[in-house]
Amino acid sequence: MAAEPLSNGAAHQSVPGRYILPVHKRPSSSVKGKVAPPVLPIVDLGGDDDVRIAEEIFRAGREFGFFQVVNHGVPEEVMGAMMRAAEDFFGLPADEKMVYYSTDGKKLPRFHTSTRNGDGEEFLYWRDCLKIGCHPPEWPHKLGAALEPYTAAVTAVARRVLRLAAVGLGLEEEHFEGSLSGGGMMNVNHYPPCPDPSLTLGTGPHCDPGLVTVLMENVGGGLQMLLHGDGDAGGSGMWVDVEAAPGALVLNFGHQMEVISNGRLRSGEHRVVTGARAARTSLASFVWPELECAVATAQELVLAPGEVPLYRPYSYGEFLGVYVAEAGHRDAVMAHFKH
Ligand SMILES: O=C(O)CCC(=O)C(=O)O
Ligand SMILES: [Fe+2]
């Protein structure tokens, strides 16, 4: 049954039944212990010491799949205008937002709650979202003016990081250019205050499907990443808060980076916990391959003695189909592509 988005009505006094997660899916069910949250690695994109920057990105990508960037070159006014436009959207009267409402997972732009507006969903995540394609004619007119400069600036950051990631991996600097990074879209996420955050999640555990994601948020707190325990931070299987400095952008690698790098760079698994007080808005800009693009582990890497590709080649369209069908569950998705 289709669900009404959270931001369409008055503030919620209690958690509607469909948003209450089964006990084993609630945020506390996966806390096995406590580690001091590691500081999210800070990569300074300023300056031209690309070797240093590439090394920093490689280290953060290997351990967490997550890092924050400063001196990224996206003007403060451009970030501010984009965030205000996003916040304003969710404050619009319901009928203006519902113009974009759809349960058709392929439609863009698309306004939805949870992941699919309740269509085929056993339970709902405490999130409204506006999904936007990467091409201007499809942009919702209310956000259009802010989207153009923001998307251009953030795409430039992603492209620079992809060039540096290629250098860190020992690939040609241009490895990710062209159709490998020719696609993408944006999630404009909105998490209203939740009357009982222990019963809900804003987004469930997932890795992003593409190469790299650039995230901007208005309120710190909510995003968590899963630790793997094989780096200095320890804490295998633990969720820790992703906290970024004011003005920084948070970046994470997605599944395609893990496949192409044969696991050297991790796709950072993450989720969003809800908060009782402030509404949180975040913008996740995804850079990914064009649908017909063939994706495969980079041959230059697999030449290491005895090393074989972990995943079989596929088209990105095939990958996205599996990702949607498996609702983004990391292991279930990757099982389709493992050798
Ligand atoms: O809201 C966030 O911090 C993360 C959102 C997210 O994971 C996504 O849109 O894929
Ligand atoms: Fe995500």
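Residues numbered from 1 in each chain as written. Chains lettered and ligands numbered in written order. Predicted model: local features only at pLDDT ≥ 70, side-chain atom pairs only at ≥ 80, totals over all residues. Heavy atoms only, no water.

Looking up the chain in an unreviewed UniProt entry gives the name Fe2OG dioxygenase domain-containing protein, with the organism given as Hordeum vulgare subsp. vulgare. In its Sequence similarities (unreviewed entry) section, UniProt records this for the chain: "Belongs to the iron/ascorbate-dependent oxidoreductase family." (UniProt positions renumbered as here; feature names shortened; annotations may be inferred.)

Trainee: It is not clear to me how the site of ligand 1 should be interpreted in this structure. Could you clarify?
Mentor: Around ligand 1, the structure places 13 residues, and the nearest of them are Asn187, Tyr191, His270, Arg280 and Ser282. Taking Asn187, its side chain carries an N or O atom lying 3.0 Å from an oxygen atom of ligand 1. Between ligand 1 and Asn189 there is a distance of 3.0 Å, counted from an oxygen atom to a side-chain nitrogen or oxygen. Within the complex, the protein chains bury 96% of what would otherwise be the 300 Å² of accessible surface of ligand 1. Among the secondary structure elements, those contributing two or more residues to the shell around ligand 1 are strand S5 (183-191), strand S11 (270-272) and strand S12 (280-288). Ranked by residue count, the leading element in the shell around ligand 1 is S12, at four residues. (Near = heavy atom within 4 Å. Polar contact = N/O pair within 3.5 Å; in protein donor to acceptor, adjacent residues only side chain to side chain. Areas by Shrake-Rupley, 256 points an atom, 1.4 Å probe, with all protein chains shown as cover. Helix = DSSP H or I, 4+ residues; strand = E, 2+ residues; numbered from the N terminus.)

Trainee: I'm lost on the coordination of the iron ion (ligand 2) in this one. Help?
Mentor: Tetrahedral metal sites with four donors have an ideal angle of 109.5 degrees; octahedral sites with six donors have ideal angles of 90 or 180 degrees. Donor atoms from the polypeptide that coordinate the iron ion (ligand 2) comprise His206 (NE2), Asp208 (OD) and His270 (NE2), at 2.1 to 2.2 Å from the metal. Look at where the donors of the iron ion (ligand 2) fall in the sequence and you get H-x1-D-x61-H. Residue His206 is located in strand S6 (residues 203-206), and its partner His270 is located in strand S11; the two are separated by 64 residues in the primary sequence. Using a relative accessible area of 15% as the deciding quantity, one classes His206 as buried. (Donors = N, O, S within 2.8 Å, 3.2 Å for Na, K, Ca; no water. Buried < 20%, exposed > 50% of the residue type's maximum accessible area, 1.4 Å probe, protein only.)

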